[in-house]
Every structure is written in C-alpha cells, then in structure tokens.
Amino acid sequence: YSSPPNQPHFPQPGGHAAPPYPVPAGGYGDPSQAPSPGFNMGYNPGPPPVMYQPGPAPGQGLEYGGMPMGISPAPVAVGVPPGLEYLTQIDQVLIHQKVELLEAFIGFETNNQYEIKNSLGQKIYKAKEKNDCCTRNCCGSLRSFDMKITDNMDREVIRLIRPFRCVSCCCPCCLQEMEVQAPPGTTVGFVKQDWHPFLPKFSIQGADGQTLLRLEGPCFACNCCGDVNFELKGKDGDQSIGRISKQWSGLLKEVFTDTDNFGIQFPMDLDVKIKAVLMGACFLIDFMFFEKVGEANQRSSVFS
C-alpha cells in the first residue's frame, strides 16, 4: 500500500506496518474529549433474556449440535431439589396472580393461576391451583387444593397441598396449614398457622416439623391504598430477616377482581427448601386474607 503524504503508519505485532487507515484530523485533541470506555453506539439491546432455569432452553438438543443460542443446563447443586437451583441465586421473588375473565365478569370462581418472577420481571416459575368446581364455589377461600409449580420447561418442581381447615377461634386445633413438596412426593416443609386472638401468625417448619422461622402479620390485613407486610423472623420471633408483602395494585383492580401481587424477600443464603416453603406461605396468605368469597368483601382479620 502506498502512503499518502503526512499519513503515519501504525506498527503491528511482528513489526509490520498497518495499511494507512484514515485518522480524524488532530486525533482526539483534548484528552477530556475522548469517548467513554465500552460500547457507546446508541445500541439498545432491550430487556435481558429470560434465564431458563434449570435446564436447557426449549428446543435445545445435545450439547453439540443443539439449537442456536441455546442455554446450557444449570449445574446440579448438592442438596438442592431438582428445579430449584435458580432460587439459590436470588433473595426475592414476585408473584403475580393472573386475571381470570370468567371470574371477573360473572363471579364464577375458577382455579387461581400465578406467575412467579425475579426482580427483573422475568418469569421463572408458574403456579396453578387444582381442584374441582364444587369445592371452589362451595368452600370459597377455605377450600382444599393441590397447587403445581412448574418451571419454564413445564416440569413440576414444587407441589403445595392444602387440606380443608376451619377458621373458628373455638377450634385452635384445626387451624390452617400447608405441606410443601419439592420434588413432588418429597416433603421439604410445612406452613402452620399459630393460634392468636387477633394477629395472623405462622410457623415455617422443616420436613421434620421443627419450627425454623416465624411469620407475623398486622392486626387487620387490609390494604387500603398501601402494602400489607407479613414480617419474617427467626424462630424466637425477635429480629426481622425478610417479609411477604401484599402489594397495592390499584383501586379498580382491588374492587372488581381478587387478583393480587405479592413480593417475598428472604436472605440470599437461606436454605433453598425453606425458600420454597415461603412461597407456599405466600399462597396460603393470599387465600386466607385476600381471596374474595362470592360477593363478599375481602377478609381483613384472622377469624373473620
């Protein structure tokens, strides 16, 4: 290549001169005018992609020869139930109940469905209640059910089992409870209501029935233009280490539907099995205090 007058050659590794590429007149000049490090081209990549955890993205084949841009399977963590590996990386989840049009328009109770997301709004799990029509519409918010929680590949990773229980303060031996299995068939913990005359209290128990954490809510679980917080504390009930929050979703939505938004905060290093139990506690709280019964208003206290 022939060099134009006054055009420098840039040395390359090995001592060879580079072709004379055009250089802006005067270079950058003032060092303060230099561009900021990294890509600065106005390129907007959009929201981060959903991380399909655990396992490969849908359609991916073997490690070699799979679909383009497939996501490799998540590493298997020791002592973590299959499908819950992603929970080891986060300290909060968001739970959004999907609006059921049939229920919103004619008041016919349908199976509740939820989307479970991370803090970026990416869907990581989905949950669906399973029971019969008679149970839903006759027993209302006290109804028994099985709830399946599946990952983004439609594999069931958690099962919640809620038996029918009463809410009478005269029957402290028959309070609300829920069993959490992960994977289905293997019990990892329980959520059990503790008797109290006016405060909603729950015990978060391990698979052996030993209380590990406690949940305590406000005297009136009523979200009048604000959030309702259930504080997560140690088993001695002294220091708050997290919370389950029922989030205000707007007047029209609160009045005409029973769809709810929840946030769960817990320590990052909390046992992943207990994180799954806390998700079960969130669903139990939703049914106990924020699920409408026919034309009745939402319940606001422990025994009402």
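All values derive from a computational prediction rather than experimental measurement.

How each quantity is defined
Residues numbered from 1 in each chain as written. Predicted model: local features only at pLDDT ≥ 70, side-chain atom pairs only at ≥ 80, totals over all residues. Heavy atoms only, no water. Salt bridge = Lys/Arg side-chain N within 4 Å of Asp/Glu carboxyl O. Helix = DSSP H or I, 4+ residues; strand = E, 2+ residues; numbered from the N terminus. Buried < 20%, exposed > 50% of the residue type's maximum accessible area, 1.4 Å probe, protein only. Contact = heavy atoms within 4.5 Å. Core = buried A, V, L, I, M, F, W, Y, C linked by side-chain atoms within 4.5 Å. Expected span 1.5 Å × (residues − 1). Polar contact = N/O pair within 3.5 Å; in protein donor to acceptor, adjacent residues only side chain to side chain.

1. Section: the pattern of salt bridges
Side chains that carry opposite charge are capable of pairing whenever their charged atoms lie near each other.
Then, in step 1: Enumeration according to the criterion identifies 8 salt bridges in this entry.
Then, in step 2: With a shortest N-O distance of 2.6 Å, Glu129 and Arg143 are connected by a salt bridge. Here Glu129 is found in strand 3 (residues 123-130), whereas its partner Arg143 is found in the loop between helix 2 (133-139) and strand 4 (145-150), with 14 residues between them in sequence. Pair check on accessibility: Glu129 and Arg143 agree, each one buried.
Then, in step 3: Note that Glu231 and Arg243 form a salt bridge whose closest N and O atoms lie 3.1 Å from each other. Of this pair, Glu231 sits in strand 10 (residues 228-234) while Arg243 sits in strand 11 (residues 240-247), and the two are 12 residues apart along the sequence.
Then, in step 4: Judged by relative accessible area, Glu231 falls into the buried class, the value being 19%.

2. Here's the deal with the environment of Thr211
Then, in step 1: Counting through the fold element by element, Thr211 comes out in strand 9 (residues 211-216).
Then, in step 2: Sequence spacing of Thr211 and Phe190 is 21 residues, and the spatial spacing of their C-alpha atoms is 9.0 Å.
Then, in step 3: Ignoring sequence-local partners within four residues, the contact set of Thr211 consists of Ser203, Ile204, Gln205 and Lys235.

3. Observations regarding the nonpolar core
Then, in step 1: Counting 50 residues, the largest nonpolar core has Leu84, Ile149 and Ile158 as its most contacted members.
Then, in step 2: Apart from the residues lying within four places of it in its own chain, the contact partners of Leu84 are Tyr125, Val157, Ile158, Ala182, Val272 and Ala276.

4. Quick word on unusual backbone geometry
Then, in step 1: Put simply, Ala182 and Pro183 share a cis peptide bond, and its omega is -5°.
Then, in step 2: Of note, Asp154 is a non-glycine position whose phi angle comes to about 70°, a positive value.
Then, in step 3: Inspection of the secondary structure assignment puts Asp154 in the loop between strand 4 and strand 5 (156-162).
Then, in step 4: Looking at Asp154, the relative accessible area reads 53%, which means it is exposed.

5. Quick notes on helix 4 (residues 272-289)
Then, in step 1: The end-to-end C-alpha distance of helix 4, which contains 18 residues, comes to 26 Å, matching closely the 26 Å that a straight helix rising 1.5 Å per residue would cover.
Then, in step 2: Helix 4 sits mainly inside the fold: 17 of its 18 residues count as buried.
Then, in step 3: Between the side-chain oxygen of the N-cap and the backbone nitrogen of Lys273 there are 3.1 Å, and the N-cap of helix 4 in question is Asp271.

That's the geometry; what it means functionally is another story.
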